[in-house]
Amino acid sequence: MAFHIIIPARFQSTRFPGKVLKPLAGKPMLQWVWERACQANPESVVIATDTEMVAEAARAWGAEVVMTAVDHLSGTERLSEVVRLFPRYQPDDIVLNLQGDEPLIPIESIHQVVQGLEQNPDAAVSTLCVRLTPDRVPSFDAVKVVFNHQGFAMYFSRLAIPYRSDIHYLHIGLYAYRAHFLKQVPQLPVCPFERAESLEQLRILYAGYSIHVGITERAMPPDVNTAEDLARAEQWLVQAEG
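All of the points below concern the structure found in this document.

Attention now moves to the overall build of the protein chain. In terms of regular secondary structure, the protein chain is built from eight helices and 11 strands. Relative to the 2.2 N^0.38 estimate, which gives 18 Å for 242 residues, the radius of gyration of the protein chain is 17 Å and therefore close to what a compact globule would have. Taken over the C-alpha atoms alone, the protein chain extends approximately 50 × 40 × 30 Å along its principal axes. Here the protein chain, with 242 residues, has 54% of them falling under the buried criterion. For the protein chain, the share of sequence-separated contacts (at least 6 apart) that also reach a separation of at least 24 residues comes to 66%. Surface accessibility of the protein chain: about 11600 Å² in total, with carbon and sulfur atoms responsible for 52%.

Structure below.
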C-alpha cells in the first residue's frame, strides 16, 4: 500500500486570516509544512486549497496544488474531495492529513501515524497522543483522549478524562486514513457528542469505526493558530537550528 500526504490550506482562517502564507523564518509557513511533508518520503504530496493566492504561492516553490470547493467545513472534507478526484489513491492506500499550520511537525511523528494504520488492519484512522503536563489538563484547547488496551480510542473530550486521575493524554491532531474510508467520512452523520465537544473525530467513533492512537514521547513543537503562535514557532526554529 502507498502512503500519500495531503495538506489542506484554507486562507480564511477564523482566528488568524491568511496564516498559511505568513512569513516564518524567511519563508511562507505553508512552505515549511510542504517541505516537512516531502522529507517524509510519501508517494505524493498535494496542497489542497480553495484560494488562488495560496495556489499561486505554492506552485512558485514547486508544490502540486489541487483547487477544492470553498464550502468545506473541515480539512477532512477537503481531503475527501481530492481522493475522490484522482485515481492515484487506491482503496487501501494511506492518506495523511497534515494541517497547513503544522510547520514544525516531526518527521518521526508522521511515520508513527502511518505505521499505526499499517500495523492495525482493523483501524480506519490513526492518530497520536502524548502525556499531558498537569498545567495543561484544565485547558479546553487541550483535547484529551482515552483508549483501550489495544490502543484504540474510546473517547475524546475537552474536559479532563479520566476525571479522578493524574494521567491524562493530549490528542495530537495528526490523522492518517485509509483512502476508501476517507471518501465516506463526509457522508457520516454529525452525532450529538461531536456537537457537544466540537470534535469531528467523535463522528467516526459514533459510527462504529476504530481510531488507533499511538503514544509518542516526543515534545511536540507548537502549531500556529495566532500571531503569537507564529512568533513562538520562529523562536522554536531559531533554538532548534542553534
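Let us look at the nonpolar core. Ranked by size, the top nonpolar core spans 39 residues in total, and within it Ile5, Ile7, Ile47, Leu96, Leu98, Ile110 and Leu174 carry the most contacts. For this core, the elements supplying multiple residues, two or more each, are β1 (3-8), α1 (29-39), β4 (44-49), α2 (52-60), β6 (94-97), α4 (107-118), β7 (125-131) and β10 (169-178). For this core, the element with the highest residue contribution is α4, accounting for five residues. Of all hydrophobic cores here, the second largest spans 31 residues; its members include Val145, Tyr175, Phe181 and Leu188.

Here the amide bond leading from Ile161 into Pro162 is cis, since omega sits at -5°, within 30 degrees of zero. Within the secondary structure, Pro162 is located in the loop between β9 (153-157) and β10. Phi is positive for Ala25, close to 50°, though the residue is something other than glycine. Within the fold, Ala25 resides in the loop between β2 (23-24) and β3 (27-28).

Once that is clear, we can look at helix α3 (residues 75-85). With nine of 11 residues buried, α3 lies mostly within the body of the structure. Taken together, the buried positions of α3 are Gly75, Thr76, Glu77, Arg78, Leu79, Ser80, Glu81, Val82 and Val83. The inward-facing, buried residues of α3 abut β1, β4, β5 (64-67), β6, β10 and α5 (179-182).

Turning our attention to the pattern of salt bridges. Throughout the structure, instances matching the rule amount to seven salt bridges. Salt-bridge contacts for Arg232 lead to Asp229; the nearest nitrogen and oxygen are separated by 2.2 Å. On the criterion of helical spacing, the pair formed by Arg232 and Asp229 is a turn pair, its members being three residues apart in helix α8 (residues 227-241). According to the relative accessible area criterion, Asp229 is buried, its value standing at 11%.

This part takes up the environment of Phe16. Positionally, Phe16 belongs in the loop between β1 and β2. Considering only alpha carbons, one finds Phe16 and Gln187, 171 residues apart in sequence, at a separation of 29 Å. Apart from residues lying up to four places away in sequence, Phe16 is in contact with Lys22, Val224, Asn225, Thr226, Ala227 and Leu230.

All right, on to the packing of aromatic side chains then. As enumerated under the stated definition, the model contains five aromatic pairs in all. Feature note: the residues Tyr155, Phe193 and Tyr206 constitute an aromatic cluster, connected by ring pairs. Positioned over the ring face of Phe86 is Arg88, at 5.5 Å from the centre of the ring.

With respect to the helices, strands and loops of the structure, Glu197 is situated in helix α6 (residues 192-197). Buried charged residue Glu197 carries no salt bridge. Nearest counter-charge: Arg158, at 5.2 Å. Of note is the side chain of Glu197, whose polar atom sits 3.1 Å from the side chain of Tyr155. If sequence neighbours within four positions are ignored, Glu197 has contacts with Tyr155, Phe156, Ser157, Arg158 and Leu202.

The buried fraction of strand β11 (residues 211-215) is high, at four of five residues. Pairing of β7 with β11, which is carried by five bridges, proceeds in the parallel orientation. Bridge pairing links Val125 to Ile211 in β11.

With respect to the helices, strands and loops of the structure, Asn120 is situated in the loop between α4 and β7. Contacts of Asn120, omitting those with residues within four sequence positions, involve Phe152, Arg178 and His212.

Rules used in this analysis
- Residue numbers here run from 1 along each chain, matching the order of that chain's written sequence.
- It should be noted that, the model being predicted, local features are given only for residues of pLDDT at least 70 and side-chain atom pairs only at 80 or more, the latter also being counted only at that level, while totals for whole chains, interfaces and linings use all residues.
- Only hydrogens and water are removed before side-chain values are computed, so all heavy atoms of the structure are retained for them.
- Helical segments are the DSSP runs of H or I of at least four residues, strand segments are the runs of E of at least two, and each set is numbered from the N terminus.
- Radius of gyration here is computed from C-alpha atoms only, and the compact-globule reference equals 2.2 Å multiplied by the residue count raised to the power 0.38.
- Three labels apply to residues, based on accessible area from a 1.4 Å probe with only protein chains included: buried if under 20% of the type maximum, exposed if over 50%, partly exposed otherwise in between.
- Two residues qualify as a contact provided that any one of their heavy atoms is within 4.5 Å of a heavy atom in the partner residue.
- Note on areas: Shrake-Rupley, 1.4 Å probe, and residue coverage restricted to the protein chains presented here.
- Take the buried Ala, Val, Leu, Ile, Met, Phe, Trp, Tyr and Cys residues and link them wherever side-chain atoms come within 4.5 Å; each set so joined is a nonpolar core.
- A side-chain nitrogen of Lys or Arg and a carboxyl oxygen of Asp or Glu constitute a salt bridge if their distance falls within 4 Å.
- When two rings of Phe, Tyr or Trp (its six-membered ring) have centres within 6.5 Å they constitute a pair, described as stacked for plane angles under 30 degrees, edge-to-face for angles over 60, and tilted for the intermediate range.
- Lysine and arginine charges are scored as sitting over a ring when NZ or CZ, respectively, is within 6 Å of the ring centre and within 35 degrees of the ring normal.
- Under the convention used here, Asp and Glu are negative, Lys and Arg are positive, and both His and the chain ends fall outside the count.
- In the analysis that follows, any N or O atom pair within 3.5 Å is treated as a polar contact, provided that within protein one partner can donate a hydrogen and the other can accept it, and provided that, for residues neighboring in sequence, both atoms belong to side chains.
- Strand pairing is assigned whenever DSSP detects at least two bridges linking the two strands.

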